[in-house]
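The chain contents come next:
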Amino acid sequence: MNHRLIAFIGPSGAGKDSLLQWLLQHAPQGLRLHHARRTITRPASAGSEGHESVTMAQFLALREAQAFALHWLANDTGYGVRHAELAPMAEGGWVLLSGSRAHIDEARQRFPGLTVVHVGASPEVLRQRLLARGRETEAQVAERLARAQAYAVPPDALSVLNDGALDDTGRALLAQLAQRDPAWAQP
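The rules we used
- Residues numbered from 1 in each chain as written.
- Predicted model: local features only at pLDDT ≥ 70, side-chain atom pairs only at ≥ 80, totals over all residues.
- Heavy atoms only, no water.
- Pairing = 2+ DSSP bridges.
- Helix = DSSP H or I, 4+ residues; strand = E, 2+ residues; numbered from the N terminus.
- Axes fitted to C-alpha atoms, helices over the stretch in contact; angles between N-to-C directions.
- Contact = heavy atoms within 4.5 Å.

## Considering the sheet that holds strand β8 (residues 115-120)
With parallel pairing, five strands are arranged side by side in an open sheet as β2-β7-β1-β8-β9. Sheet topology places β2 (33-35) and β9 (158-161) at the edges, where each strand pairs with a single neighbour. Pairwise comparison of adjacent strand axes, ignoring direction, gives a mean angle of 20° for this sheet. One ladder, built from four bridges, connects β8 with β9; its direction is parallel. Across the sheet, the residue bridging to His-118 is Ser-159, located in β9. Sitting on the sheet, helix α1 (residues 16-26) is in contact with β1 (5-9), β2, β7 (94-98), β8 and β9, with an inclination near 160° to β7. Strand contacts of helix α6 (residues 166-180): β1, β8 and β9, with the helix running at about 165° to β9, the strand carrying the most contacts.

Below is the structure:
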(Lines give C-alpha, C1' and ligand atoms only; values in the text may rest on other atoms or scores of the structure.)
Protein backbone atom coordinates (compact mmCIF):
# COMPACT_ATOMS: atom_id res chain seq x y z
CA MET A 1 0.00 0.00 0.00
CA ASN A 2 1.36 3.42 -0.94
CA HIS A 3 0.82 5.79 1.95
CA ARG A 4 0.69 9.51 1.38
CA LEU A 5 2.89 10.17 4.37
CA ILE A 6 5.94 12.44 4.29
CA ALA A 7 8.29 12.43 7.28
CA PHE A 8 10.75 15.27 7.69
CA ILE A 9 13.91 14.18 9.49
CA GLY A 10 17.25 15.80 10.20
CA PRO A 11 19.28 17.29 12.99
CA SER A 12 17.86 19.81 15.42
CA GLY A 13 18.35 23.27 13.99
CA ALA A 14 18.23 22.21 10.34
CA GLY A 15 14.83 23.84 9.86
CA LYS A 16 12.54 20.84 9.44
CA ASP A 17 9.50 22.61 10.87
CA SER A 18 10.17 25.78 8.87
CA LEU A 19 10.45 23.79 5.65
CA LEU A 20 7.33 21.77 6.48
CA GLN A 21 5.39 25.01 7.03
CA TRP A 22 6.78 26.44 3.79
CA LEU A 23 5.60 23.36 1.90
CA LEU A 24 2.11 23.65 3.39
CA GLN A 25 1.91 27.22 2.06
CA HIS A 26 3.45 26.60 -1.37
CA ALA A 27 2.20 23.16 -2.41
CA PRO A 28 0.34 22.85 -5.71
CA GLN A 29 -3.33 23.84 -5.60
CA GLY A 30 -5.68 20.94 -5.04
CA LEU A 31 -3.40 18.84 -2.84
CA ARG A 32 -5.07 18.07 0.46
CA LEU A 33 -2.35 18.47 3.07
CA HIS A 34 -2.44 17.93 6.80
CA HIS A 35 0.34 18.76 9.26
CA ALA A 36 0.33 16.00 11.89
CA ARG A 37 0.33 17.63 15.33
CA ARG A 38 2.68 15.84 17.69
CA THR A 39 2.31 15.04 21.37
CA ILE A 40 5.55 16.02 23.13
CA THR A 41 6.79 15.89 26.71
CA ARG A 42 7.86 19.52 26.85
CA PRO A 43 5.92 22.71 27.51
CA ALA A 44 4.55 24.61 24.55
CA SER A 45 6.26 27.97 24.05
CA ALA A 46 5.79 30.95 21.80
CA GLY A 47 7.38 30.49 18.41
CA SER A 48 7.69 26.72 18.72
CA GLU A 49 5.76 23.96 17.05
CA GLY A 50 2.09 23.91 18.07
CA HIS A 51 2.19 20.56 19.85
CA GLU A 52 0.13 18.84 22.52
CA SER A 53 2.16 19.18 25.70
CA VAL A 54 2.07 16.28 28.18
CA THR A 55 4.15 15.06 31.10
CA MET A 56 6.33 11.99 30.68
CA ALA A 57 3.87 10.01 32.87
CA GLN A 58 0.99 11.05 30.60
CA PHE A 59 3.03 10.19 27.52
CA LEU A 60 3.85 6.71 28.84
CA ALA A 61 0.18 6.12 29.70
CA LEU A 62 -0.87 7.18 26.19
CA ARG A 63 1.76 4.90 24.69
CA GLU A 64 0.60 2.01 26.87
CA ALA A 65 -3.00 2.66 25.76
CA GLN A 66 -1.81 2.51 22.12
CA ALA A 67 -2.96 6.07 21.46
CA PHE A 68 -0.06 6.69 19.07
CA ALA A 69 0.39 5.57 15.47
CA LEU A 70 4.07 6.47 15.88
CA HIS A 71 6.10 7.27 18.98
CA TRP A 72 9.71 7.61 20.02
CA LEU A 73 12.02 8.92 22.71
CA ALA A 74 14.88 11.25 21.83
CA ASN A 75 17.07 13.44 24.04
CA ASP A 76 14.99 12.60 27.13
CA THR A 77 11.83 13.77 25.38
CA GLY A 78 8.83 11.70 24.32
CA TYR A 79 7.25 12.29 20.90
CA GLY A 80 4.03 10.76 19.60
CA VAL A 81 1.68 11.07 16.65
CA ARG A 82 -1.88 10.10 17.45
CA HIS A 83 -3.79 7.85 15.05
CA ALA A 84 -6.29 10.62 14.21
CA GLU A 85 -3.44 12.78 12.86
CA LEU A 86 -2.85 10.22 10.08
CA ALA A 87 -6.54 9.76 9.20
CA PRO A 88 -6.45 12.17 6.21
CA MET A 89 -4.43 9.56 4.27
CA ALA A 90 -7.46 7.25 4.21
CA GLU A 91 -9.37 10.02 2.45
CA GLY A 92 -6.71 10.62 -0.23
CA GLY A 93 -4.90 13.42 1.59
CA TRP A 94 -1.23 13.85 2.33
CA VAL A 95 0.11 13.95 5.88
CA LEU A 96 3.32 15.80 6.68
CA LEU A 97 5.09 15.17 9.96
CA SER A 98 8.27 16.02 11.74
CA GLY A 99 9.87 12.67 12.52
CA SER A 100 13.03 11.21 14.00
CA ARG A 101 16.17 9.98 12.27
CA ALA A 102 16.62 7.25 14.87
CA HIS A 103 13.11 5.87 14.39
CA ILE A 104 12.56 6.28 10.65
CA ASP A 105 13.08 2.55 9.99
CA GLU A 106 10.27 1.70 12.40
CA ALA A 107 8.02 4.25 10.68
CA ARG A 108 8.83 2.69 7.30
CA GLN A 109 7.87 -0.75 8.57
CA ARG A 110 4.54 0.60 9.76
CA PHE A 111 3.92 2.70 6.67
CA PRO A 112 5.41 1.19 3.50
CA GLY A 113 5.73 3.86 0.84
CA LEU A 114 6.62 6.52 3.39
CA THR A 115 8.49 9.40 1.77
CA VAL A 116 11.45 10.55 3.84
CA VAL A 117 12.74 14.11 3.50
CA HIS A 118 16.12 14.68 5.11
CA VAL A 119 16.69 18.35 5.92
CA GLY A 120 20.32 19.15 6.58
CA ALA A 121 22.45 22.20 7.27
CA SER A 122 26.17 22.82 7.50
CA PRO A 123 27.77 22.28 10.92
CA GLU A 124 28.37 26.01 11.48
CA VAL A 125 24.79 26.93 10.60
CA LEU A 126 23.47 24.17 12.89
CA ARG A 127 25.73 25.36 15.70
CA GLN A 128 24.55 28.96 15.37
CA ARG A 129 20.88 27.96 15.27
CA LEU A 130 21.14 25.62 18.25
CA LEU A 131 22.96 28.16 20.38
CA ALA A 132 20.45 30.88 19.41
CA ARG A 133 17.46 28.87 20.64
CA GLY A 134 19.09 28.53 24.05
CA ARG A 135 17.84 25.06 24.99
CA GLU A 136 21.22 23.30 25.14
CA THR A 137 24.63 23.90 26.67
CA GLU A 138 27.73 24.20 24.47
CA ALA A 139 28.56 20.55 25.27
CA GLN A 140 25.07 19.40 24.28
CA VAL A 141 25.30 21.37 21.05
CA ALA A 142 28.65 19.70 20.31
CA GLU A 143 27.03 16.28 20.89
CA ARG A 144 24.17 17.13 18.53
CA LEU A 145 26.62 18.27 15.84
CA ALA A 146 28.61 15.05 16.17
CA ARG A 147 25.43 12.98 15.78
CA ALA A 148 24.39 15.02 12.75
CA GLN A 149 27.74 14.45 11.04
CA ALA A 150 27.72 10.73 11.82
CA TYR A 151 24.21 10.14 10.46
CA ALA A 152 23.96 8.26 7.16
CA VAL A 153 21.06 9.68 5.15
CA PRO A 154 18.89 6.85 3.78
CA PRO A 155 19.77 6.39 0.08
CA ASP A 156 16.16 6.72 -1.07
CA ALA A 157 15.42 9.83 1.00
CA LEU A 158 14.83 13.18 -0.62
CA SER A 159 17.55 15.45 0.71
CA VAL A 160 17.89 19.23 0.90
CA LEU A 161 20.48 21.51 2.47
CA ASN A 162 18.81 24.36 4.36
CA ASP A 163 21.67 26.83 4.76
CA GLY A 164 20.33 29.66 2.64
CA ALA A 165 16.96 31.18 1.86
CA LEU A 166 13.99 29.04 2.87
CA ASP A 167 12.33 29.74 -0.51
CA ASP A 168 15.31 28.21 -2.32
CA THR A 169 15.26 25.12 -0.11
CA GLY A 170 11.48 24.82 -0.50
CA ARG A 171 11.63 25.04 -4.29
CA ALA A 172 14.37 22.40 -4.36
CA LEU A 173 12.19 20.10 -2.25
CA LEU A 174 9.11 20.71 -4.42
CA ALA A 175 11.13 19.74 -7.51
CA GLN A 176 12.23 16.49 -5.86
CA LEU A 177 8.68 15.69 -4.74
CA ALA A 178 7.39 16.32 -8.27
CA GLN A 179 9.97 13.90 -9.68
CA ARG A 180 8.75 11.24 -7.27
CA ASP A 181 5.01 11.91 -7.65
CA PRO A 182 3.37 14.04 -10.40
CA ALA A 183 0.74 15.27 -7.92
CA TRP A 184 3.43 17.63 -6.59
CA ALA A 185 4.21 19.20 -9.98
CA GLN A 186 3.42 22.90 -10.23
CA PRO A 187 0.97 23.67 -13.07
